Number of protein chains: 4
Amino acid sequence: MQFLSDNAARVHPKVWAAMQAADAPDRPYDGDALSQRLDAAFSELFGREVAALWVSSGTAANSLALTTMVEPHGGVVCHREAHIEMDECGAPGFYTHGAKLLLAEGAGAKLTPAAIEAVLGGITRGVHQVPAQAISITQASEYGLAYRPDELAAIGALAQAQGLGLHMDGARFANAVAALNCSASEAAWPADALSFGCTKNGGMDADAIVLFDPEKADLVRWRRKRGGHLQSKGRFLAAQVLALLEGGLWLENARAANGAAGEVAGAARERLLYPIEANEIFLKLDAGERAALRAQGFQFYDWDDAVVRMVTAWDTPQEHAAALGKAIAAL
Amino acid sequence: MQFLSDNAARVHPKVWAAMQAADAPDRPYDGDALSQRLDAAFSELFGREVAALWVSSGTAANSLALTTMVEPHGGVVCHREAHIEMDECGAPGFYTHGAKLLLAEGAGAKLTPAAIEAVLGGITRGVHQVPAQAISITQASEYGLAYRPDELAAIGALAQAQGLGLHMDGARFANAVAALNCSASEAAWPADALSFGCTKNGGMDADAIVLFDPEKADLVRWRRKRGGHLQSKGRFLAAQVLALLEGGLWLENARAANGAAGEVAGAARERLLYPIEANEIFLKLDAGERAALRAQGFQFYDWDDAVVRMVTAWDTPQEHAAALGKAIAAL
Amino acid sequence: MQFLSDNAARVHPKVWAAMQAADAPDRPYDGDALSQRLDAAFSELFGREVAALWVSSGTAANSLALTTMVEPHGGVVCHREAHIEMDECGAPGFYTHGAKLLLAEGAGAKLTPAAIEAVLGGITRGVHQVPAQAISITQASEYGLAYRPDELAAIGALAQAQGLGLHMDGARFANAVAALNCSASEAAWPADALSFGCTKNGGMDADAIVLFDPEKADLVRWRRKRGGHLQSKGRFLAAQVLALLEGGLWLENARAANGAAGEVAGAARERLLYPIEANEIFLKLDAGERAALRAQGFQFYDWDDAVVRMVTAWDTPQEHAAALGKAIAAL
Amino acid sequence: MQFLSDNAARVHPKVWAAMQAADAPDRPYDGDALSQRLDAAFSELFGREVAALWVSSGTAANSLALTTMVEPHGGVVCHREAHIEMDECGAPGFYTHGAKLLLAEGAGAKLTPAAIEAVLGGITRGVHQVPAQAISITQASEYGLAYRPDELAAIGALAQAQGLGLHMDGARFANAVAALNCSASEAAWPADALSFGCTKNGGMDADAIVLFDPEKADLVRWRRKRGGHLQSKGRFLAAQVLALLEGGLWLENARAANGAAGEVAGAARERLLYPIEANEIFLKLDAGERAALRAQGFQFYDWDDAVVRMVTAWDTPQEHAAALGKAIAAL
């Protein structure tokens, strides 16, 4: 019974089917019929004209999205525990040719206007310091917390006032939308670029970069090729993304994952580090308790000495979640 | 009847089957059982200890391989028409942080020791010029020509004498091996790193970087992650590569593609720009002849005003190749 | 009697005097009174509002100027023998984060619209190839040839039609102006950015970047600092540049250098590779002739097996030039 | 009476004399006789064989030195307030092609083994995180504190045990040596590379990179050229450095600067943020006190709301220091 990562989950049968349907000769790269449908599909989802490009990893999506808003000598305000800072081996700096990540504080890995302003306030040395040019937030955050529309609006207002771009790492955007019970547009507003995660949510190896300013698409197309991310049989990536969008499968999968997380968490309220607003559960468990759970066949990662992380996915069996909940309650 | 590109070909059924077999929870990234088997599989293929890593594009494979042998202030000798120069939008320069491509001449896009030495001879200005640190050749070349073992040995001897690394772009390595009727090892010797193409040869989106000095693997692992190419469900890439290696499917597919090319070319000997040593056919056809073929349903790309390029693949129907041959003969 | 390089020349006494006058406490970096005068001084020289920044080398000037007009995935059309290609160890690629130099042909290292168009015509593969975004020319060229205003206008028209920036490497801009007997503005029009050389022309270690679009100055200020070129006692660089501008010393020095070159060349008309339009002399001399001259105390560099390069400077003694002329005539 | 910065100080007369003595034709770049003497001069100073190269700024020195010890995907542990983090606009990241600065805590901007280990302890995610490859410390620190030999030895032992390079930013190395009253070698041991500051200490625009592993010199030579820092009349930079080394002028100047700082500080013991171990004075002064001093003609920078920074230089007049001391005592 694995609660290690949504990366470990399976590919959804409808995604498989879409990939197999794509297995016929078509134009290479992103010239195929499926890739050409991405803009329209995401424009419909967000209710405004956007451009969308497939890539094969969230790290590539984040890094390429940042190239649209930060220069090599600029900086990106992000949380100290943001994925782009902690888990991407410097990829954002690589793709932006050196832009620095300017680290902000904030509970649950969420940024607030005050936390962002604290970083901006330290930039006073003119040309001797890297100027902030963008803000990056994660929806849902690295601790599984969702930004509410009013929180996003406040950050957006600050970004606009300061002339900063706004990037949203949406590796678990679907889970946030499901938890917020709002529209995709409400959960993304007023981001300039969104990394729309699919791989963790029933896909195989496709994520999408959504550009709310479609004029930035050409830049990303050049940089995607230059990063070695323009796959020659791109139709298989487009097929994954479209399969998830179609009929709302992306949201259905996220609801399933969130539901499983809720099931586990319901049995462990007093141990929760944060409320459950997506599909990640951070629990206070001591060494003995961890061992006891593992002895019963539950797999999960240690976060630190006091806390473990459990992650559910679209395919987490209901009975596994229930069993884990029970096992925690029985500790 | 498409002869546009082997990129347009389908995914081999055995590759599909392997991917589906991989669809069970396993460790993320390249920690899964399949990814862990790559080193051994390629070591067996080449008869010596190598390290092998999957990536999702040939451009990424070439660029990452070059990082093992050239510094940011260095240069790579390659052919003026090499894929890394003409078709990768500067990706090698991006991944190597600025290494220059030093362009050599040579018939059929093949390098010779003399052509390489002509480039090296122009580097005389010490620190004012970029020093050559590597050579990159393409097996089979951009015009579908294979390097014979003695040609490789001569280039290798020069590389060794000059202290240069040797990279082989093997987007169509399988076709070269099939044409040369030699072992994989003979067709790669004495390269330090090989981009082993799978996508054009029955795969979906996987290629492999083979490092003949396994100690370089860690560097490539860091750089792969930093380039956004460490996919979280890497097992699906490993599955593709292993499926092609298993039972020699990679060679079988290449032989089929080469066979189809031979079938076409057999009917057009006097029009061939180069002998057929892989799965690409460059034919002298004038505008009227092209139109006549297209009117009969044959798809292919113009190369320039005098020449067209036709490419066969593992799944080119025998009857399509035969029909094209006939149609050319009848022009 | 040295004709090796204008780099080997002395610092002009008025430049020394200006530097010493600057030796009093003032604001660091470019906040001092002298640095603040550069914009106005160059605006006056060029008869329009420009921004100007000091740097300590021509390589830095060229590279930083290029950052205003080319993106990391873009390309710069320049001559195959341009200094930025041949003598700067990849610095332009370093500062632009990877932009490629796209090499054009042309007699005397001069570009023509036709030569530029030949390069542009080879860029047909969309996102797979680096797009041209700028043109770089050298005034005077690497063979000491000056672009006439009508030649510049033709290149400028092409640049504008294609949406390309235009950079001028003016390491010997002063010599070109002196030879053309035109205004500075006429010799630079319609460049977007000019590397205005001072070091070879009586300075010590200062050159200027002149930006004809002053709004680009901030970008260059950030990048100059980031390149380690924002010297803390910048007043000494500003002093050099201003001393050369004041009273037309820059032009006076260039005329002296050109005059010495003319003196030498006058005695060697039939040996000249190119007409003398600046302070460089390329002469056909065989090995015996070179040895004979060197035996008489003349120092110069071999260019290749058939040609030598001789360079005069602002301080080349008239009698040295006359003696060299005589010696050549006597060969 | 200016206490703004040692950057604002004058050039020492002996440095002027050496520069003027260098004003005769010689080989360009670093081929001249003076540049060729740097290795020997620094080898003598440090009592072991080193390589030394001039550059024109401390930022360039630091950045180039770091290229010898960190890869693009690596990291450098430094203090949160280190000059390379706070004041160089990302230059270290530019020159290292993306290496991250990993920020450590520590009183007075000094690192300790414990502070470094705290950073290293957070690097646990394998290829997903940037690996530490070097440590950078500042001698004297950004708050004017000197590392004692035993402190250096402890950091060096940690560096060695972890396989990390050790860089020393010695913008005020001379002041530290003067304060420690030890040899240059003792104050630098066991650094692998030292940025030896001259500009703040009586020079005009020259600093030196000292490489304790001389085999690294070639790499720095290439990168220096590529950064546009290989000045064509390098003899003037070499002259400055040699003039300061000769007869111990560098130490004499530093002692004068430290002495002036001591004079000021002696009158303000209870206001000092840190003991005086170099030529920087950080004083607790409220707004009214600052105004009072400024009204008397003293110039200095605010550090923050509670603290001001005053810096002395080799040429700070003794009477200015005495007057400032008195004025502070009288507040």
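As the structure is a prediction and not an experimental result, all values here were calculated from the model.

Cut-offs used in this document
- Residues numbered from 1 in each chain as written.
- Chains lettered and ligands numbered in written order.
- Predicted model: local features only at pLDDT ≥ 70, side-chain atom pairs only at ≥ 80, totals over all residues.
- Heavy atoms only, no water.
- Contact = heavy atoms within 4.5 Å.
- Buried area = accessible area lost by both parts, 1.4 Å probe.
- Salt bridge = Lys/Arg side-chain N within 4 Å of Asp/Glu carboxyl O.
- Polar contact = N/O pair within 3.5 Å; in protein donor to acceptor, adjacent residues only side chain to side chain.
- Pairing = 2+ DSSP bridges.
- Helix = DSSP H or I, 4+ residues; strand = E, 2+ residues; numbered from the N terminus.
- Axes fitted to C-alpha atoms, helices over the stretch in contact; angles between N-to-C directions.
- Least-squares fit on C-alpha atoms with pLDDT ≥ 70 in both.
- Phe/Tyr/Trp six-rings, centres within 6.5 Å; stacked < 30°, edge-to-face > 60°.
- Buried < 20%, exposed > 50% of the residue type's maximum accessible area, 1.4 Å probe, protein only.
- Lys NZ or Arg CZ within 6 Å of the ring centre and 35° of its normal.

Take the interface of chain A and chain B next. Between chain A and chain B, the residue contacts involve 44 residues of the former and 44 residues of the latter. Roughly 3,900 Å² is buried in total at the junction of chain A and chain B, and carbon and sulfur atoms are behind 56% of that figure. When the buried surface of chain A facing chain B is broken down by residue, A:F94, A:R226 and A:K233 rank first, second and third, together holding 18% of it. The interface formed by chain A and chain B holds zero salt bridges in total. At the junction of chain A with chain B, the criterion picks out 32 residue pairs in polar contact (both at pLDDT 80 or more).

So, on to the sheet that holds strand β5 (residues 165–170) of chain C. Residue and element names in this part refer to chain C. Spatially, β1-β7-β6-β5-β4-β2-β3 is the arrangement adopted by the seven strands of the open sheet, whose pairing is mixed. The sheet is open, and its two edges are formed by β1 (51–55) and β3 (100–104), each paired on a single side. Direction aside, the axes of adjacent strands within the sheet are offset by 20 degrees on average. In this structure, β5 lies alongside strand β6 (residues 193–196), joined through four bridges in parallel fashion. Within the sheet, the bridge partner assigned to D169 lies in β6 and is S195. With respect to the sheet, helix α7 (residues 113–121) is in contact with β2 (75–79), β3 and β4 (132–138), its orientation differing from that of β3 by roughly 125 degrees.

With an RMSD of 0.0 Å, chain A superimposes on chain B once it is rotated by 180 degrees and translated 0.0 Å along the axis. Taken together, the rotation and translation relating the two chain copies correspond to the operation of a two-fold axis. No C-alpha of chain A lies nearer the rotation axis than that of A:G227, which sits 3.4 Å from it. Both copies present the same face, since 100% of the interface residues in chain A are matched by interface residues at the equivalent positions in chain B.

Our focus in this paragraph is the packing of aromatic side chains. All names here are of chain A. Applying the stated criterion across every chain, the model contains 60 aromatic pairs over all chains. When the centroid spacing of 6.2 Å and the interplanar angle of 40 degrees are considered together, the rings of F46 and F173 count as tilted. Residue F46 is found in helix α2 (residues 38–46), and its partner F173 is found in helix α8 (residues 173–180); the two are separated by 127 residues along the sequence. For the pair F46 and F173, one class covers both residues: buried. In this structure an aromatic cluster arises from ring pairing among F42, F46, F173, F196, F212 and W250. Its end group placed over the ring of W54, R224 keeps NZ or CZ at 4.2 Å from the ring centre.

Further remarks concern the pairing of strand β10 (residues 307–311) of chain B. Residue and element names in this part refer to chain B. Burial of β10 is extensive: five of the five residues sit out of reach of the surface. On β10, burial covers both faces: V307, R309 and V311 on one face and V308 and M310 on the other are all buried. In the sheet, strand β8 (residues 280–284) pairs with β10 via five bridges, with the strands oriented antiparallel. Bridge pairing links L283 to V308 in β10. Both strand β9 (residues 301–302) and β10 contribute to a ladder of two bridges, which runs antiparallel. If you follow Y301 over to β10, its bridge partner there is R309.

Note that all results are geometric; they support no functional claim without further evidence.
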